[in-house]
Amino acid sequence: MPKLPAGFEYATIGLAALAILIWGAKVFFSEGLKHAGQRFWPFALRSRRKGMRRRELRRYRDSVSSHYDLTPLGFLQNSSVRISDIYVPLQYEESGARADIYEDIRSRPRTVILGAAGAGKSMLLKNSMVKWSIDPTDHDRIPVLVELFRRNNGRESLLDLVTATLRRNGVVKPERFLPQALEEGTLSLFFDGLDEVLTEKRSEVVDEIESLAESYPECQFIVTCRDAVYDGDLRPVFAHEVRVAGFDDAAIRRFLRLWMLHKSEAADIRHEVEQLMASLRASPSLLILARSPLLLTMIASLQDADRGIGPVLTSSRSEFYEMAVWHLLRRDRDLGRHGEIAAYKAGHKLAALKVIAFSAQGAMAPGVDKRAIFEQELITQITLVLSRFNLEAEHAPKMLSEIEARSGLLVKVDEGNLLYEFPHLTLQEYLAAMELVDDADQLLKLYVGNPNRWRETVKLWCGGVHRDVTGLLRSIFEIDDVLALECLAEARQVDDALAQEILDHFEGKLFDINDKSHLVVAALGAVAADPGPRGSRLFQRLEDATKSKVPGLRISALHALAATRSRRAIEIISDQSSTSRSARSALRSMGEQAVPILTERAMAGSLDAVDDIAAVGTPSAAAALAEIVWQEGPEAKRAAWRLAELTDIPDVEEELASADSKGRASAEIYDWVWAPFVKEGTGRQSLAAIMGRTALLIDRSDPEDIPKRRHSPVDPRVSLPLAIRGIYSSKVSMAEFESITAEVNKLLPSPRDGSQMFRYRRHPEERLRELQQENPDAARSISDKFFAAHNVGQVHRQLLEGLPVQVVVEAVCGLLIDPQRATEKEWREVRKPVSAPVALEKINAVLTFALVAAVFLVGFAMVGGSALGLSTFWPRWVCLSLIGCLILLIVSVWLLVEGDSKGKLSTFMNGRFSKLPEYGLVPVSVFCVLTILVGIPIAFIYALSQGPYPLITLSSSAVALLLIVVMNRVISRRERMLSNPFRRLLAMDERVLRTRTSVIAPCRVGPPRQRSKPGTLVPK
């Protein structure tokens, strides 16, 4: 083997190479081994743990996702829909304005959700279950949904039902951890359908719910119930009640778009949605039906399943149910499959279903009601019906099977106990009403015996029978005047004198505002919308009442007119909207029909009209606002704020993307704001121009231009770049730094560990993040004070108020850690794909270590050889000086670091040279480092030049050095992109958005108990 230069031995080089390999293996594999240990070590101790294990949690999550996301459509056989595909967020009404129902529920530990039949109460809870299953770590609690009708079939307690629900969804032994989970508050308990509990058991269930809520105050409890049934049963334990509002025009359009996108085979979805919306607006009474999520789902699904039905054939709820039921029962015959898979006549099956529904409503035993029915009881009832048609009893099981399999009007809910139920309680109520079509006296008797259970059935009966309902209506009017008015709104035939008497009665009570007022106003609007003589007379009287000086009468009359959805009503209300807040509220409730009139007023400079357009919230309303932002007056700035509140709705974004922005080229815009969200060739330049103009107007707004009441937060794609660019433009002063540190320390206990205290003093952002976890409101308050002290303008502070508290706190932390300059360039790159350079960093580290090790090993070998006289590279005194510098550097570093920490340095110096570490050792160390960095590489280059292949070795070293430089540049660029403050904050906001339509509350703040980690039920 050839000799190596400078007296090197192959063994020495081999040992050096082995050391490099070992170090490289450590760099590449140590983190993997560490994570593997962290992952598998808990399994070794699993037998000692009590709680929902990781595998059980995964099974529960998967089961929740499959069980609640895919929901069968009970009115269409073999058809189902994913909640995650078509769910539209609900709202509630407060003081005439709509508000976010989810935030309101999340902020309370106990809530009763009220709403009409089919208002979406159950879907709201199911959607929250699905949201949790997507990523449980986004939530502090684990939700459990208990269907209260299951309480009807036995004597199980509610805790037994909670346990059974967990067990059905994959949790093996829930009773093992349930008590402690309840104590710690890591559960959100959803009790769905209090109105579906048997009347004789309802008070018992109410007592159980109240007892659970009082026994486990750390948990969240949510109960749903129909508003017509609920009479404050859970007060005062459940003091917070929220009533679900019906769909407005924006929600109807959004639902139809999602439905067409995921369920329809229509080629032009947008055209299909516009056609359906036009049909709905043409029929005010049908539009009222569409405000119920259940009925809108039926309209959309039946329209898609059978184009011949169409949503415009009826404006009566009872007629619509009749149409739906007949469609389901006759579908096989219409498709030519009768006789092969459907053997029984649709009329015979309908007769059987009426009897079954009649019995399930409690008709066989007045005062008793139920949802689930045992199979044997069904067969008995079907047998009785078959005898009317001269059919043998042996057909009963076959007919039951056909009804279940081919129509879906009965569904099996419990295989073990052979229990069936109607897929929707409303269908059961309608069929029960039709069973009594010729027996009004029996219906009245049943209603008197159980008013809550038979209320909807009475209304459906009045709308479904093809004869005069005057007799029943008069009796109902003497018992429940509000129900009589609702029946009048649905009735086909009624004596005009009685109708006038009912209307006169309520006209005199319009000024009396109470918890039933919304029912009265809706019913009066439905009657007044009828173009017949009765409706016309009522419309005129309501118009006269809008001029009354009695506030309550005027308000109710305005809203009743709005409920008619007619053009004449729009004109009447619009005339008063400039001077009356109540008229503005009524006009907003009319939705898209009011947009043209409001746009004319807004263009004339009315800021109130701009706010009202935004309250409508539909794509056409957003398009109107997009026209206003190109104006130059105050109305343009107000429209910009309002438009930015709507653009995160997909329908609105799509509408603006197709808007015509030609002729606006001369207007000034912020072209960089929407740049990250526009791809070349997508045809979305119009949207970018509109949003650029919107952002500019917001950024240049004065405090008086900011809306006093916000409908929803500003789109973060606008608020983030404007606000963060503003607050990151200057560094944090020492006074601000100390102020926020003091504020946070007041609210959190002091750390006992001295080193931790020192760390927190230097890094207050860690304490602020801790405070945000424990007390979000306090963290936001401190952040607001900090922004005020940092001279952040009111416009930017308003934009920050609309962002989630996590994002606001992280923005403060970014300022405290490293106040990077957030510029337009960073925002443009915020969505550019970039991955962490993990592999590149490891390769760079190994290559750098190898090169540095080679330089110093070879260089010091050359220096050492010259010092010992083995070579003549440099004069001996120079080499000895380099070695001396190395020794002196090691001693200096030890004295500065290790020696001082152990108190040896001061003893060594004996107090006479106390300033030496500061004024002596540091300069000496610097001098030694510079000397070594100059001398050793020179020795390395000389050694390579004297070797057997100098050109190859020198070139290889130069290439390695060049690679290291290039990789460092690439790594530096990626790290800069990853550390982009906009990227981090936008990702955090998107995470918060995922839970915005969930009602699962965060865990309660602070002690008394140590809480489990988010997403687990593992006790401490």
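Remember, predicted model here, so these are calculated numbers, not experimental data.

(A) Looking closely at the overall build of the protein chain. On a plain count of helices and strands, the protein chain comes out with 47 helices and 12 strands. Pairs at least 24 residues apart make up 74% of the contacts formed inside the protein chain by residues separated by at least 6 positions. As displayed, the protein chain offers around 47200 Å² of accessible surface, 56% of which is attributable to carbon and sulfur atoms.

(B) Expanded view of a nonpolar patch on the surface. Nonpolar side chains collect at one region of the surface, where Val922, Val926 and Leu930 lie side by side and expose about 250 Å² of accessible area between them. Checked against the element boundaries, Val922 lands in helix H45 (residues 916–945).

(C) Examining the nonpolar core more closely. Residues Leu124, Phe191, Leu194, Leu256, Trp461 and Ile724 are the most contacted members of the largest nonpolar core, which totals 260 residues. Looking at this core, the element that brings in the most residues is helix H14 (residues 346–360), giving 10 residues. Ignoring any residue separated from it by four or fewer positions in sequence, one finds Leu256 in contact with Val273, Leu276, Met277, Leu280, Leu296 and Ala300. Of all hydrophobic cores here, the second largest spans 18 residues; its members include Met862, Val863, Ala939 and Leu944.

(D) Spotlight on the side chain of Arg106. Here Arg106 is to be found in helix H4 (residues 101–106). At 2.7 Å, the side chain of Arg106 and the side chain of Glu103 are in polar contact.

(E) Highlighting the packing of helix H23 (residues 517–528) against helix H24 (residues 533–545). It is at 7 Å that the axes of H23 and H24 come closest, and there the two elements cross at 125°. Relative to H24, H23 is oriented oblique. Of the residues in H24, those in contact with Leu524, Val527 and Ala528 of H23 are Arg534, Gly535, Leu538, Phe539 and Leu542. Residues belonging to the contact of H23 with H24 are distributed by class as follows: 6 nonpolar, 1 polar and 1 charged.

(F) Molecular detail of the sheet that holds strand E5 (residues 110–115). Here 5 strands make up an open sheet; going across it, the order is E6-E7-E8-E5-E9 and the pairing parallel. If you trace the sheet from one side to the other, it starts and ends with strand E6 (142–147) and strand E9 (241–243), each paired once. Shown here is a sheet whose adjacent strand axes are inclined to one another by a mean of 20°, direction ignored. Here E6 pairs with strand E7 (residues 187–192) via 6 bridges, running parallel. The residue of E7 that forms the bridge with Pro143 is Ser188. Across the sheet, helix H8 (residues 199–215) lies against E5, E7 and strand E8 (220–226), angled at about 160° from E8, the strand it touches most.

(G) Local environment of the UniProt feature "transmembrane region" (unreviewed entry) in the protein chain. The UniProt record marks residues 6–29, 845–868, 874–897, 918–943 and 949–971 with the feature "transmembrane region" (unreviewed entry), using the residue numbering of this structure. Across residues 845–868 one finds 96% helix and 0% strand; the C-alpha atoms that close the span lie 33 Å apart. Along residues 949–971 the backbone is 96% helical and 0% strand, and the end-to-end C-alpha distance reaches 33 Å.

(H) Local environment of the packing of aromatic side chains. Inspection of the entire model under this criterion finds 12 aromatic pairs. On the basis of an interplanar angle of 80° and a centroid distance of 5.2 Å, the ring pair of Trp827 and Phe982 is categorised as edge-to-face. Of the two residues, Trp827 sits in helix H41 (residues 824–828) while Phe982 sits in helix H47 (residues 981–993), which places them 155 residues apart along the sequence. As far as burial versus exposure is concerned, Trp827 and Phe982 are alike and both buried. Aromatic rings pair up to connect Trp674, Phe677, Trp827 and Phe982 into one cluster. We note Arg717 situated over the ring of Phe677; from NZ or CZ to the ring centre the distance is 5.5 Å.

(I) Fine view of unusual backbone geometry. The residue after Arg235, namely Pro236, is reached through a cis peptide bond having omega 0°. Inspection of the secondary structure puts Pro236 in the loop between E8 and E9. Positioned with a positive phi, Asn390 is a non-glycine residue whose angle comes to about 60°. Looking at the element boundaries, Asn390 is found in the loop between helix H15 (375–388) and helix H16 (395–407).

(J) Layout of the side chain of Asn169. Relative to the helices and strands, Asn169 resides in the loop between helix H6 (158–168) and helix H7 (178–184). A polar side-chain atom of Asn169 sits 2.7 Å from a polar atom in the side chain of Ser63. For Asn169, the residues in contact, after removing those within four places along its chain, are Arg59, Tyr60, Ser63, Val64, His67 and Tyr68.

(K) Region of interest: the pattern of salt bridges. Applying the stated criterion across every chain, the model contains 37 salt bridges. Residue Arg167 pairs with Glu175 through a salt bridge whose shortest N-O separation is 2.9 Å. Through salt bridges with shared partners, a single ionic network connects Arg455, Glu456, Lys459, Asp480 and Glu486.

(L) Up close: helix H26 (residues 567–577). Those residues of H26 lying buried are Ala569, Ile570, Ile572, Ile573, Ser574, Gln576 and Ser577. Of the surrounding secondary structure, the elements contacted by the buried residues of H26 are H24, helix H25 (551–564), helix H27 (581–589) and helix H28 (595–603).

(M) Just helix H9 (residues 249–262), in detail. Between its first and last C-alpha, H9 extends 20 Å over 14 residues, near the 20 Å set by a 1.5 Å rise per residue. Summarising burial for H9: 10 of the 14 residues are buried, a large majority. Those residues of H9 that fall on the buried side of the exposure criterion are Asp249, Ala250, Ala251, Ile252, Arg253, Phe255, Leu256, Leu258, Trp259 and Met260.

(N) Quick peek at the packing of helix H42 (residues 838–867) against helix H46 (residues 950–978). Here H42 crosses H46 at 145°, and the two axes come no closer than 10 Å. For the crossing formed where H42 meets H46, the hand is left-handed. The segment H42 lies against H46, with Leu840, Glu841, Ile843, Asn844, Leu847, Thr848 and Leu851 engaging Ser957, Ala960, Leu961, Leu963, Ile964, Met967, Asn968, Val970, Ile971 and Glu975.

(O) Spotlight on the pairing of E8. Taken across its 7 residues, E8 has 7 buried, putting it largely inside the fold. When E7 meets E8, the two strands line up parallel, connected through 4 bridges. Residue pairing across strands places Ser188 opposite Gln220, the latter belonging to E8. In this fold, the crossover linking E7 to E8 by way of H8 has right-handed handedness.

About the criteria used
Residues numbered from 1 in each chain as written. Predicted model: local features only at pLDDT ≥ 70, side-chain atom pairs only at ≥ 80, totals over all residues. Heavy atoms only, no water. Helix = DSSP H or I, 4+ residues; strand = E, 2+ residues; numbered from the N terminus. Contact = heavy atoms within 4.5 Å. Areas by Shrake-Rupley, 256 points an atom, 1.4 Å probe, with all protein chains shown as cover. Patch = residues over 30% accessible without salt bridge, like charges linked within 9 Å, V, L, I, M, F, W, Y side chains within 5 Å. Salt bridge = Lys/Arg side-chain N within 4 Å of Asp/Glu carboxyl O. Core = buried A, V, L, I, M, F, W, Y, C linked by side-chain atoms within 4.5 Å. Buried < 20%, exposed > 50% of the residue type's maximum accessible area, 1.4 Å probe, protein only. Polar contact = N/O pair within 3.5 Å; in protein donor to acceptor, adjacent residues only side chain to side chain. Axes fitted to C-alpha atoms, helices over the stretch in contact; angles between N-to-C directions. Parallel < 35°, antiparallel > 145°, perpendicular 65-115°, else oblique. Nonpolar A, V, L, I, M, F, W, Y, C, P; charged D, E, K, R; others polar. Pairing = 2+ DSSP bridges. UniProt positions renumbered as here; feature names shortened; annotations may be inferred. Phe/Tyr/Trp six-rings, centres within 6.5 Å; stacked < 30°, edge-to-face > 60°. Lys NZ or Arg CZ within 6 Å of the ring centre and 35° of its normal. Expected span 1.5 Å × (residues − 1). Left-handed = near helix turned anticlockwise from the far one by under 90°. Right-handed = clockwise from strand over helix to strand, strands pointing away.

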